[in-house]
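Topology and contacts: notes
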Amino acid sequence: MVTVEQQHNAWLARSFGRTDYLPLSDADLAALAAAGDYVDKYPGTHLFKEGDESTAAYVVRRGKVELYRSRQSGSRVVHRLGEGAVMGDIAMFQNRPYLSSAKAITPVNALRLDRDKLIPVLLEHPRLAMRWLIAGLNQLEATQRRVIRLMHRTVKEQVAELLLDEADPYGEVQLSQASLATLLGASRQSVNEALSDLRDGGFVETGYRLIRVLDRAGVAAVSGREDY
C-alpha cells in the first residue's frame, strides 16, 4: 500500500524540471520533503505579500495562484500560475523582499520550502539543485513562448489566446476585463472591444469578473493557434 509520504515524494519527483534525466533518489526526495511543509490556502488568502521578507519558496501542488503588484491606482495582475509552478524562489535566493503578492484564486495546496532549510539541501544534493534550475528555466521559457506568440498580433487575437490559456475545464476564466488588459499590456477599451466581438460571434459570454468560453475551437481559430 502506497503511503501518503510516498505519494508526496512521487509528486515532488514529477514537479521539478524535466523528468527524462537526472532521476532523483529516495534520499534526494526525502531531503527536499524535509525542507518544507504543505500549506492550504482558501481563495482570497495569500501565500506571501509584496514587500515581505522572502523566507520561503512555494511549489503549487493544486489550485491557481494570482501574482499581482500594488499601485496607487489599485492592484495589477502580473501572472497566474497553476500546478507545478514555483513562486518566490528568485527573491528568496537573492535574500530580497518579494516583488509581488501571491493570492489563491481557487483552493490551493502548496509545498512551502523554508530558505534556511532548502539552501543547505540544494548544496548537498546536486541533482536537486540542477532540477530546480531546470524548473525555473522551464517557466521562463514558457513565458518567452507566450510573449513571442503574442507579438505582432491584434488585441482580439491576443485576448483569444489568453482566454484559451486561462479557461478551466468548464470554460470559465476568472479574470476581470481590467486584469486581462494588464496581463496583455493593452488598454481596457481595446480589450472590451475584443471581448464584445467575441461575444457577438457567439464564442464567449461575459459577466462580472467572469468570462465563459462557449466555443473553444472558434476562439482558437480567432487566436490563430494551430495546436488546438
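Coordinates for the structure precede this section.
The text that follows walks through the structure, step by step, so that each part is easy to find. In this text the structure is predicted, and so the values were computed from the model without any measurement. (Residues numbered from 1 in each chain as written. Predicted model: local features only at pLDDT ≥ 70, side-chain atom pairs only at ≥ 80, totals over all residues. Heavy atoms only, no water.)

Some remarks on the sheet that holds strand β6 (residues 86-87)
Strand pairing in a sheet relies on backbone hydrogen bonds, with the paired strands running either antiparallel or parallel. Read across the open sheet, the four strands follow the order β1-β8-β3-β6; overall the sheet is antiparallel. Two strands close off the open sheet at either side, each with one partner strand: β1 (36-41) and β6. Here β1 runs beside strand β8 (residues 108-114); their pairing, made up of six bridges, is antiparallel. Bridging across to β8, Lys41 finds its partner in Val108. Across the sheet, helix α4 (residues 115-124) is in contact with β3 (56-62) and β8; its angle to β8 comes to roughly 70 degrees. (Pairing = 2+ DSSP bridges. Helix = DSSP H or I, 4+ residues; strand = E, 2+ residues; numbered from the N terminus. Contact = heavy atoms within 4.5 Å. Axes fitted to C-alpha atoms, helices over the stretch in contact; angles between N-to-C directions.)

A closer look at the nonpolar core
Counting 21 residues, the largest nonpolar core has Val159, Leu163 and Leu180 as the members making the most contacts within it. At the level of secondary structure, the elements contributing two or more residues to this core comprise α6 (155-166), α7 (177-184), α8 (188-200), β11 (210-213) and α9 (216-223). Of the residues forming this core, the biggest block, five residues, is contributed by α6. (Core = buried A, V, L, I, M, F, W, Y, C linked by side-chain atoms within 4.5 Å. Buried < 20%, exposed > 50% of the residue type's maximum accessible area, 1.4 Å probe, protein only.)

Some thoughts on the sheet that holds strand β9 (residues 172-173)
Pairing is antiparallel across the open sheet formed by three strands, whose spatial order is β9-β11-β10. Among the strands making up the open sheet, the edge pair consists of β9 and β10 (204-207). The pairing of β9 with β11 spans two bridges and is classified as antiparallel. Within β11, the residue paired with Glu172 across the bridge is Arg212.

Here we look at α7
For α7, the full list of buried residues reads Ser179, Leu180, Ala181 and Leu184. Just downstream of α7 lies Gly185, where phi reads positive at about 70 degrees.

A few points about the side chain of Ser54
In this fold, Ser54 is placed in the loop between β2 (46-48) and β3. Looking at Ser54, its side chain comes within polar contact range of the main-chain oxygen of Arg96, at 2.4 Å. Aside from chain neighbours lying at most four places away, what touches Ser54 is Ala91, Met92, Asn95, Arg96, Pro97, Tyr98 and Arg115. (Polar contact = N/O pair within 3.5 Å; in protein donor to acceptor, adjacent residues only side chain to side chain.)

Observations concerning the packing of aromatic side chains
In this structure the tally under the stated criterion is three aromatic pairs. Judged by centre distance (4.0 Å) and plane angle (20 degrees), the ring pair of Phe48 and Tyr98 falls under stacked. Here the residue Phe48 occupies a position in strand β2, and Tyr98 occupies one in the loop between α3 (89-94) and β7 (101-104), the gap between them amounting to 50 residues. Comparing Phe48 with Tyr98, the two get one shared label, buried. With a centroid separation of 6.0 Å and 80 degrees between ring planes, the pair formed by Phe93 and Trp132 is classed as edge-to-face. Placement of the pair is Phe93 in helix α3 and Trp132 in helix α5 (residues 126-150), with a sequence separation of 39 residues. We classify Phe93 as partly exposed; its relative accessible area is 39%. Here Trp132 falls in the buried class, since its relative accessible area comes to 6%. Pairwise contacts between aromatic rings join Phe48, Tyr58 and Tyr98 into one cluster. (Phe/Tyr/Trp six-rings, centres within 6.5 Å; stacked < 30°, edge-to-face > 60°.)

Topic: a nonpolar patch on the surface
A contiguous nonpolar surface patch, about 360 Å² in accessible area, is contributed by Met130, Leu133, Leu137 and Leu140. Assignment of secondary structure puts Met130 in helix α5. (Patch = residues over 30% accessible without salt bridge, like charges linked within 9 Å, V, L, I, M, F, W, Y side chains within 5 Å. Areas by Shrake-Rupley, 256 points an atom, 1.4 Å probe, with all protein chains shown as cover. Salt bridge = Lys/Arg side-chain N within 4 Å of Asp/Glu carboxyl O.)

A look at the pattern of salt bridges
Scanning the entire structure with this criterion turns up eight salt bridges. Measuring nitrogen to oxygen at the nearest pair gives 3.8 Å for the salt bridge that ties Glu66 to Arg80. Pair noted here: Glu66 is in strand β4 (residues 65-71) and Arg80 is in strand β5 (residues 74-81), with a separation of 14 residues, a long-range link. Across the pair, exposure class does not vary: Glu66 and Arg80 are buried alike. Among the ionic contacts, a cluster of salt bridges with common partners joins Glu66, Arg80 and Glu166.

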